[in-house]
Amino acid sequence: AAIGGTGRTEAIGGTGRAEASMLLAGQLESVDLEKSTLTILGQSLRTTGARTVAVGENIAVFGRVDTAGNIVVAHMVRFADGYVPGASRVTVTGKVTAIDAQRGIVAIGRQSVDFTALLAAGAPNFAVGKVVTISGIQPVSGGIIIASD
């Protein structure tokens, strides 16, 4: 079911823009109805669809990243399968806020990602302030993501 919206009749709210890439996929961590914000994988985003989702749901967010590095939601989709820590694949997009090269950890917003599995293909091109997208698994709900690509 589509939530959020692109202006089509099956969606609610959104930007009305056609361009949209999947930017986040994972468990909905929190909802702030007063501010109309959601948090998924440590990334807070503003959406008109905040009232239509519940904490714990497995959600994909489609949209774009603006020049400031903020996610602009076009629409969201609720996955039929529930989120399973350590088994469900997650995707996070956002600005790199910190890099610990010795430990192989990068922070994307408030979400920590272990990128050591990516080192076999060469050093990732991370830089603080750069917008990146990383996929992997999250062994513990709300915990570190283990990157796979």
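Residues numbered from 1 in each chain as written. Predicted model: local features only at pLDDT ≥ 70, side-chain atom pairs only at ≥ 80, totals over all residues. Heavy atoms only, no water.

Novice: I'd like a description of the pairing of strand β10 (residues 131-137), backed by residues and values.
Specialist: Bridging between strand β7 (residues 89-100) and β10 involves seven bridges; their strand directions are antiparallel. For Val92, the partnering residue across the bridge sits in β10 and is Ile134. Where β10 lies against strand β11 (residues 145-147), two bridges are found, and the strand directions are antiparallel. Bridge pairing in β11 places Gly136 opposite Ala147. (Pairing = 2+ DSSP bridges. Helix = DSSP H or I, 4+ residues; strand = E, 2+ residues; numbered from the N terminus.)

Novice: Tell me about the nonpolar core, and please be specific about residues and values.
Specialist: Soluble globular proteins tend to bury their nonpolar side chains together. By size, the foremost hydrophobic cluster in this structure holds 28 residues, and its most contacted members are Val61, Val113 and Ile134. Elements with a minimum of two residues in this core: β2 (21-32), β3 (37-40), β5 (58-65), β6 (71-78), β7, β8 (105-108), β10 and β11. Aside from chain neighbours lying at most four places away, what touches Val113 is Val92, Gly104, Ile105, Val106, Ile108, Ile134, Ile144, Ile145 and Ala147. (Core = buried A, V, L, I, M, F, W, Y, C linked by side-chain atoms within 4.5 Å. Buried < 20%, exposed > 50% of the residue type's maximum accessible area, 1.4 Å probe, protein only. Contact = heavy atoms within 4.5 Å.)

Novice: Tell me about the environment of Val92, residues and numbers included.
Specialist: Following the sequence through the fold, Val92 ends up in strand β7. Considering only alpha carbons, one finds Val92 and Val61, 31 residues apart in sequence, at a separation of 9.7 Å. When residues no more than four places from it in sequence are discounted, the contact partners of Val92 are Leu23, Leu24, Leu41, Gln43, Ile108, Val113, Val132, Thr133, Ile134 and Ile145.

Novice: Give me the environment of Val31: which residues, what numbers.
Specialist: Following the sequence through the fold, Val31 ends up in strand β2. Its relative accessible area of 27% is what places Val31 among the partly exposed residues. With 15 residues separating them in the primary sequence, Val31 and Arg46 have C-alpha atoms 10.0 Å apart. In contact with Val31, not counting residues within four places along its chain, are Thr37, Leu38, Ala50, Val53 and Val55.

Novice: An account of the packing of aromatic side chains is requested, with residue identities and associated values reported.
Specialist: By the definition in use, this model includes one aromatic pair. The interplanar angle of 70 degrees and the centroid separation of 5.1 Å between the aromatic rings of Phe115 and Phe126 together place this pair among those described as edge-to-face. Of the two residues, Phe115 is situated in the loop between β9 (111-114) and β10 and Phe126 in the loop between β9 and β10; the sequence distance between them amounts to eleven residues. We note that Phe115, like Phe126, is buried. (Phe/Tyr/Trp six-rings, centres within 6.5 Å; stacked < 30°, edge-to-face > 60°.)

Novice: Give a detailed account of the confidence of the model for the chain, specifying residues and quantitative values.
Specialist: Atom-level detail of predicted coordinates should not be read off regions where pLDDT is low. Within the chain, residue pLDDT values average 86, and 87% of them lie at 70 or more. Note that residues 5-13 has pLDDT below 50 and, in this model, 22 contacts with residues that lie over four places away or in other chains. (pLDDT = per-residue confidence, 0-100.)

Novice: Explain the side chain of Gln27 to me, using residue names and the numbers behind them.
Specialist: Within the secondary structure layout, Gln27 lies in strand β2. Side-chain polar atoms of Gln27 contact the side chain of Ser141, separated by 2.3 Å. Each residue touching Gln27, except ones within four places of it in the same chain, is listed here: Thr39, Ile40, Leu41, Gly56, Glu57, Asn58, Tyr83 and Ser141. (Polar contact = N/O pair within 3.5 Å; in protein donor to acceptor, adjacent residues only side chain to side chain.)

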